[in-house]
Amino acid sequence: MRNTFAEVLYGLAKDDPRIHIVVADISPAGSMGKFREEFPERFINVGVAEQAMIGICAGLALKGMRPFAYTIATFSLYRPFEMVRDDLGYQNLPVTVVGIGGGVIYSTLGGTHYAQEDIAIAGAIPNMSIIAPCDPVEATEATKWLVNRDSGGPVYFRFGKAGEPTLTGPDSDPWEFGKLRYLRKGEDVAVLSYGVITKMAAEVADALTEDGHSVSLAVCHTLKPLDTDGIADLLRRHKRVIVVEEHAPQGGLAPQTKQIAWDIRAECDLHTFTLKDAFVHCYGSHEDILAAHGLSTDRILAVVRA
Amino acid sequence: MTAKPGHNSFDPAESRKRCMGYRKRILDISQNVSALHAAGAFSCMELTDTCYYGLMRPDGQDTFLMSKGHGCMAQYVILEDRGVLDRKHLDAYCTPHGILGAHPDYGNPGIEASTGSLGHGMAMAVGMAVAERNKAGGSPDAGAVYCVLSDGEVQEGSTWEAFMMASTLGLTNLVALIDNNDFQSLGRTSETHPSFYPLDEKLKAFGWETTVVNGHDAEAVYNAVASRNGGKPFCLIGRTTKGKGVSYMENVPIWHYRSPNPEEYKQALAELKEIAS
């Protein structure tokens, strides 16, 4: 996903001199390296200075540019939080804050590198939108949209690292900003997710399909503005809805889906699976850390089959 | 390349007259509200006036950024004088039927960035200077950015991140003017944080060209910036007095925020005079 983003941005940058990339000492792998070589005046490495990264992006945007701040999620959002809030949110500037490795993807690096509450934090800022693609197809479409949109304010763009599988299929809905998207449609059970953990949601959907259910798999790639109508429709059209989310229990998709369910007096069963409100002191694969938070395909299936 | 200022005929005598008038206007507005940052505005009055009337070119290609947002009264009265803001805007300062608050708000006429939280302006100025340079495609006529900072916000780590980047990026179209009044909420900086100084040597070590002048001497400010060597970002450290022009406000921390009462207002008006260099 990271490489897809860089490739798309590099391709668009040839014809769009507004595109600037401001990174904080992160290796320019793949097409990011090509961008740096071909457009050195539009590639800025601030070093380990994330407050300057956001402030410089704000200044670029105030002069009509389309900057992308790019580093690991904890350092693009948490460290320079007040710059994100004031410089980008308050001034409503079209800056994209890329958070690489949102959630607990940096699974051997410990709690300092987990952005497990980033959706709640970014989402609390007025004017801020949030996009979290689930696969390279969504990453491509979202990146194009971020560059080509006519107006709008800052966007927190949460994605993974590398190697995410393509989950989009021939029957999947097209990507549209702010719209819930069905990767596949069923009539009985819906699994709702976003971001990298959608892979686990897809495994849950596959297993429930094998159980004989007609299963929808939907992604809520835009966390803000949330597609309230789309989620309400999903809650109405399925008997059982399962939300799988790599985020703290507060402020993410799961509690907001519950809120919508209450508002519309939804009659479906609603199961939500999120990270714990905890720092887990555990190291291993991404799956190991998710499991330490109680998130695994087996556990989700055990709960929903019970 | 270094952008040259646009007013070869900058007249210090006119600047002195203007600045006295601006101080009076700020005192007048102070009588409508319970608080405004008069002392911080008086401190950077000449620095701000010199930017608008001396350094910035008249066709609008240069940018002024008030990083010390609490000094915005100095900017507002100049923008009013230049017809960018209306009298009604300043008369409605800090009221629900106006548009101007105690810190600059991007989107208001003449306001290029929202500031108020200290330590944000320098990085935004760096980003603006990069954008101007890139838009100009290397032309020496690239828009210049003039950024007025408080000395207090030079204590912010974020300001030093931006200082480091300005010189690293070779931003010759960037001028910082530090309003060095040596005062902050808890006292005199030279007493509370002596290692804050020397400031000019720190900036030089960060790759800037610097000079130190009397920040209330518009002619000295103008000449220092106009005659800079170039090839680096330039920082003018203006030695200033917080509350300059009104004796009881000078170097007295309470006037950071307080408005004078009617009696104090009268005394202030009686005292105001052109500040000689």
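1. What to know about the overall build of chain B
Here comes step 1: When its secondary structure is counted, chain B shows eleven helices and seven strands.
Here comes step 2: In summary, chain B has a C-alpha radius of gyration of 18 Å against a globular reference of 19 Å for 277 residues, a match within 12%.
Here comes step 3: Principal-axis analysis of the C-alpha atoms places the extent of chain B at approximately 55 × 40 × 35 Å.
Here comes step 4: By the burial criterion, 59% of the 277 residues in chain B qualify as buried.
Here comes step 5: Counting contacts in chain B only where the partners sit at least 6 residues apart, residues at least 24 apart contribute 75% of the total.
Here comes step 6: As presented, chain B carries roughly 10200 Å² of accessible surface, and 51% of it is formed by carbon and sulfur atoms.
Here comes step 7: Taking the average location of the 25 positive side-chain charges in chain B and that of its 32 negative ones, the two points are 1 Å from each other.

2. Side note on the nonpolar core
Here comes step 1: Counting 83 residues, the largest nonpolar core has Val46(A), Ile56(A), Met122(B) and Leu174(B) as its most contacted members.
Here comes step 2: Here this core spans two domains, since at least three of its residues come from each of domain 1 (2–159) and domain 2 (181–305) of chain A.
Here comes step 3: When neighbours within four sequence positions are excluded, Ile56(A) is seen to be in contact with Val22(A), Ile44(A), Val46(A), Ala123(B), Val126(B), Gly127(B) and Met165(B).
Here comes step 4: Residues Phe10(B), Leu27(B), Ala38(B) and Tyr146(B) belong to the second largest nonpolar core, which totals 54 residues.

3. Things to note about the state of the cysteines
Here comes step 1: Evaluation of the coordinates by the stated rule reveals zero disulfides over all chains.
Here comes step 2: Residue Cys268(A) stays outside any disulfide, its sulfur separated by 15 Å from that of Cys220(A), the closest cysteine.
Here comes step 3: No disulfide involves Cys147(B); its nearest neighbouring cysteine sulfur is the one of Cys51(B), lying 9.3 Å away.
Here comes step 4: According to the relative accessible area criterion, Cys147(B) is buried, its value standing at 0%.

4. Remarks on the domain arrangement of chain A
Residue and element names in this part refer to chain A.
Here comes step 1: In terms of domain boundaries, chain A breaks down into domain 1 (2–159) and domain 2 (181–305).
Here comes step 2: Relative to domain 2, the C-alpha centre of domain 1 lies at a distance of 26 Å.
Here comes step 3: If you look at the interface, domain 1 gives 28 residues, while domain 2 gives 30 residues.
Here comes step 4: Contact between domain 1 and domain 2 buries roughly 2100 Å² in total, counting both sides, with carbon and sulfur atoms accounting for 57%.
Here comes step 5: Taken as a group, Val-104, Gln-116 and Cys-134 account for 26% of the area that domain 1 buries against domain 2, more than any other trio of residues on that side.
Here comes step 6: Along the contact surface separating domain 1 from domain 2 lie one salt bridge.

5. Quick word on helix 11 (residues 262–271) of chain B
Residue and element names in this part refer to chain B.
Here comes step 1: Where helix 11 is concerned, the buried positions are Glu-264, Tyr-265 and Ala-268. Summarising the axial view, the buried residues of helix 11 lie within an arc of 105 degrees, below the 170-degree limit, and thus occupy one face. The exposed set on the far side of helix 11, more than 90 degrees from its buried face, consists of Pro-262, Glu-263, Lys-266 and Ala-270.
Here comes step 2: Buried residues along helix 11 sit against helix 1 (12–30).
Here comes step 3: The backbone nitrogen of Glu-263 lies 3.0 Å from a side-chain oxygen of the residue at the head of helix 11, namely Asn-261.

6. Looking at the sheet that holds strand 3 (residues 66–72) of chain A
Residues and elements named next belong to chain A.
Here comes step 1: Strand order in the open sheet made by the seven strands is 2-1-3-4-6-5-10, with mixed pairing throughout. Each edge of the open sheet carries a strand with a single partner, namely strand 2 (43–45) and strand 10 (222–224). Averaged over all neighbouring strand pairs, the angle between strand axes comes to 20 degrees, with direction disregarded.
Here comes step 2: Strand direction decides the pairing type here: strand 4 (residues 96–100) and strand 6 (residues 155–159), joined by five bridges, are parallel. When the sheet's bridge partners are listed, Val-97 is paired in strand 6 with Tyr-156.

7. Some remarks on the packing of helix 6 (residues 121–136) of chain B against helix 7 (residues 157–168) of chain B
Residues and elements named next belong to chain B.
Here comes step 1: Running from N to C, helix 6 and helix 7 cross one another at 25 degrees; their axes reach a closest spacing of 7 Å. Classified by the angle between their axes, helix 6 and helix 7 sit roughly parallel to one another. Relative to helix 7, helix 6 is oriented so that their crossing is left-handed. Residues Met-122, Ala-123 and Val-126 of helix 6 pack against Thr-159, Ala-162, Phe-163 and Ala-166 of helix 7.

8. Considering the packing of aromatic side chains
Residues and elements named next belong to chain A.
Here comes step 1: Considering all chains together, one arrives at 18 aromatic pairs over all chains under this definition.
Here comes step 2: Look at Phe-5 and Tyr-70: their rings are 5.7 Å apart centre to centre, the planes differ by 5 degrees, and that puts the pair in the stacked class. Here the residue Phe-5 occupies a position in helix 1 (residues 2–13), and Tyr-70 occupies one in strand 3, the gap between them amounting to 65 residues.
Here comes step 3: Each residue in the set Phe-5, Phe-68, Tyr-70, Phe-157 and Phe-159 is aromatic and connected to the rest through ring pairs, giving one cluster.
Here comes step 4: A cation over a ring is seen here: Arg-42 above Phe-39, with NZ or CZ 4.4 Å from the ring centre.
Here comes step 5: Over the aromatic face of Tyr-182 sits the side chain of Lys-185, whose NZ or CZ is 4.8 Å from the ring centroid.

9. Here's the deal with the pattern of salt bridges
All names here are of chain A.
Here comes step 1: This structure, assessed with the given rule, holds 26 salt bridges over all chains.
Here comes step 2: Across the pair Lys-199 and Glu-203 runs a salt bridge whose closest N-O atoms are separated by 3.9 Å. Remark: Glu-203 and Lys-199 occur in helix 8 (residues 198–210); sequence separation between them is four residues, near one turn of the helix.
Here comes step 3: Among the residues examined, Lys-199 registers a relative accessible area of 36% and is labelled partly exposed.

Cut-offs applied
- Residues numbered from 1 in each chain as written.
- Chains lettered and ligands numbered in written order.
- Predicted model: local features only at pLDDT ≥ 70, side-chain atom pairs only at ≥ 80, totals over all residues.
- Heavy atoms only, no water.
- Helix = DSSP H or I, 4+ residues; strand = E, 2+ residues; numbered from the N terminus.
- Rg over C-alpha atoms; globule rule 2.2 N^0.38 Å.
- Buried < 20%, exposed > 50% of the residue type's maximum accessible area, 1.4 Å probe, protein only.
- Contact = heavy atoms within 4.5 Å.
- Areas by Shrake-Rupley, 256 points an atom, 1.4 Å probe, with all protein chains shown as cover.
- Lys, Arg positive; Asp, Glu negative; His and termini not counted.
- Charge placed at Lys NZ, Arg CZ, Asp CG, Glu CD.
- Core = buried A, V, L, I, M, F, W, Y, C linked by side-chain atoms within 4.5 Å.
- Domains from an automatic or database assignment.
- Disulfide = S-S within 2.5 Å.
- Buried area = accessible area lost by both parts, 1.4 Å probe.
- Salt bridge = Lys/Arg side-chain N within 4 Å of Asp/Glu carboxyl O.
- Arc of directions from axis to C-beta.
- Polar contact = N/O pair within 3.5 Å; in protein donor to acceptor, adjacent residues only side chain to side chain.
- Pairing = 2+ DSSP bridges.
- Axes fitted to C-alpha atoms, helices over the stretch in contact; angles between N-to-C directions.
- Parallel < 35°, antiparallel > 145°, perpendicular 65-115°, else oblique.
- Left-handed = near helix turned anticlockwise from the far one by under 90°.
- Phe/Tyr/Trp six-rings, centres within 6.5 Å; stacked < 30°, edge-to-face > 60°.
- Lys NZ or Arg CZ within 6 Å of the ring centre and 35° of its normal.

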